[in-house]
Amino acid sequence: VVTIVKGRPVVTLPPAVLAASGVVVRPLTVTRRQPQISAAARVLPLQPLIERRAHYQQAAARRQAATTSLAASRRAYRRARQLNRQHQNISDQMLDSARNAYAAALAAQRTAASAASALQLTMRQRWGAQMTQWLTHPHGTPLPALFSGALALLEVTLSPGSTAPPARIQLENAGGGSQPAHFIASSPEVDPKIQGPTYLFYTARNDLRANQRLTAMLPAALHPLRGVVIPSTAVIWYASQAWAYVRTGKDQFTRRAVPTAFPVAHGWFAAKGWRGGDDVVVAGAPLLLAEELQPPQNSAGGDGGDDDDD
């Protein structure tokens, strides 16, 4: 018998039918879990970083050479000016030559410094402040290990509106392998397809290759949540939604939505909508769904049992 109670279908099975149907009911127990969410990860090619690092080294070398030349020209000009003023040991023409050389060295130094600063700004626009710091001052950072191939650089994309990821996440590849990845910084760019924020991580290179796609697992909350695990044997899929039947009376069963955002081993973790002690059907749910989809025989306005989802 299928009735409508508070707008919800309720399946009622006579005791004899229930005993012969193979329906098995088990109570849910309260547990604490650290829910995980998945995010897309990609191994970034390092060639752009290597090229930026090389360009910056060249610009920094030119800046250093120009700075050294400027210091020498400044000393020469000051000495020439002092000699010219005190003893006239050098001519005004020689003083003008020293002044011009100093002015040219100053202009060259400013040009070289501007070029190096422009490269830094370009790197900040693409890679962010932290990676730019690594590229300009790599000593003591993971950058040498990245360039040597010991580490891999990752870009992890979260869904729009997500909070910043933790300092350590877990990576999973198609082959079933798993390894940790460590946070570097947020990226100034967003993923063009997902339109979500991106973050940079590094991990052991192992067999990872450039542009390889991975799945990153991140904690969905700062602290473990209190809830229940709905076993996969209780879950049925209908209208693109996961459902499970809960016993709301002695021989009455009501279908309830199962949140699938936080999968765990052998089921799904639910922090809301389900409570400890709920009697969930772990066997025979397809039979109940088939009965429910039959046209209701009558309607009722009573509560038909405890069907509160809170």
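Residues numbered from 1 in each chain as written. Predicted model: local features only at pLDDT ≥ 70, side-chain atom pairs only at ≥ 80, totals over all residues. Heavy atoms only, no water.

The final tally for this structure, using the stated rule, is 4 aromatic pairs. When the centroid spacing of 5.7 Å and the interplanar angle of 5 degrees are considered together, the rings of tyrosine 77 and tyrosine 102 count as stacked. Residue tyrosine 77 is found in helix α2 (residues 47-86), and its partner tyrosine 102 is found in helix α3 (residues 92-136); the two are separated by 25 residues along the sequence. In this structure tyrosine 77 comes out as buried when scored by relative accessible area, which is 12%. On the numbers, 6.2 Å between centres and 45 degrees between planes, the contact of phenylalanine 183 with tyrosine 199 is tilted. With a gap of 16 residues between them, phenylalanine 183 in strand β8 (residues 178-190) and tyrosine 199 in strand β9 (residues 197-204) connect regions that are remote in the sequence. Residue phenylalanine 183 is classed as partly exposed on the basis of its relative accessible area, which comes to 31%. Classification of tyrosine 199 as buried rests on a relative accessible area of 8%. An aromatic cluster of at least three residues, connected via ring pairs, comprises Phe183, Tyr199 and Phe201. (Phe/Tyr/Trp six-rings, centres within 6.5 Å; stacked < 30°, edge-to-face > 60°. Helix = DSSP H or I, 4+ residues; strand = E, 2+ residues; numbered from the N terminus. Buried < 20%, exposed > 50% of the residue type's maximum accessible area, 1.4 Å probe, protein only.)

As a further point, take the sheet that holds strand β15 (residues 263-264). Reading across from one edge, β4-β11-β16-β15 is the order of the 4 strands in this open sheet, with antiparallel pairing throughout. The open sheet is flanked by β4 (30-33) and β15, the only strands paired with a single partner. Alignment of β4 against strand β11 (residues 225-231), held across 4 bridges, turns out to be antiparallel. Along β11, the bridge assignment pairs threonine 31 with glycine 227. (Pairing = 2+ DSSP bridges.)

Between its first and last C-alpha, α3 extends only 44 Å over 45 residues, short of the 66 Å set by a 1.5 Å rise per residue. In the structure, α3 departs most strongly from a straight axis at tryptophan 127, where the bend amounts to approximately 125 degrees. (Expected span 1.5 Å × (residues − 1). Bend = angle between axes of the 7 residues up to and from the residue.)

Here the focus is the environment of glutamate 155. Structurally, glutamate 155 can be placed in strand β6 (residues 151-157). Setting aside residues up to four positions removed in sequence, glutamate 155 forms contacts with Ala40, Ala41, Arg42, Leu44, Arg126, Ser187, Thr198 and Tyr199. (Contact = heavy atoms within 4.5 Å.)

A few words now on the pattern of salt bridges. Taken as a whole and assessed by the stated rule, the structure comprises 6 salt bridges. Where aspartate 96 meets arginine 99, a salt bridge forms, and the shortest distance between an N and an O atom there is 2.6 Å. One end of the pair is aspartate 96 and the other is arginine 99, both in helix α3 and 3 residues apart, which spans about a single turn. Here arginine 256 ties to aspartate 278 by a salt bridge, and the two come within 3.0 Å at their closest N and O atoms. With arginine 256 in strand β14 (residues 252-257) and aspartate 278 in the loop between β16 (267-270) and β17 (279-283), this residue pair connects regions lying 22 residues apart in the sequence. Residue arginine 256 is classed as buried on the basis of its relative accessible area of 4%. (Salt bridge = Lys/Arg side-chain N within 4 Å of Asp/Glu carboxyl O.)

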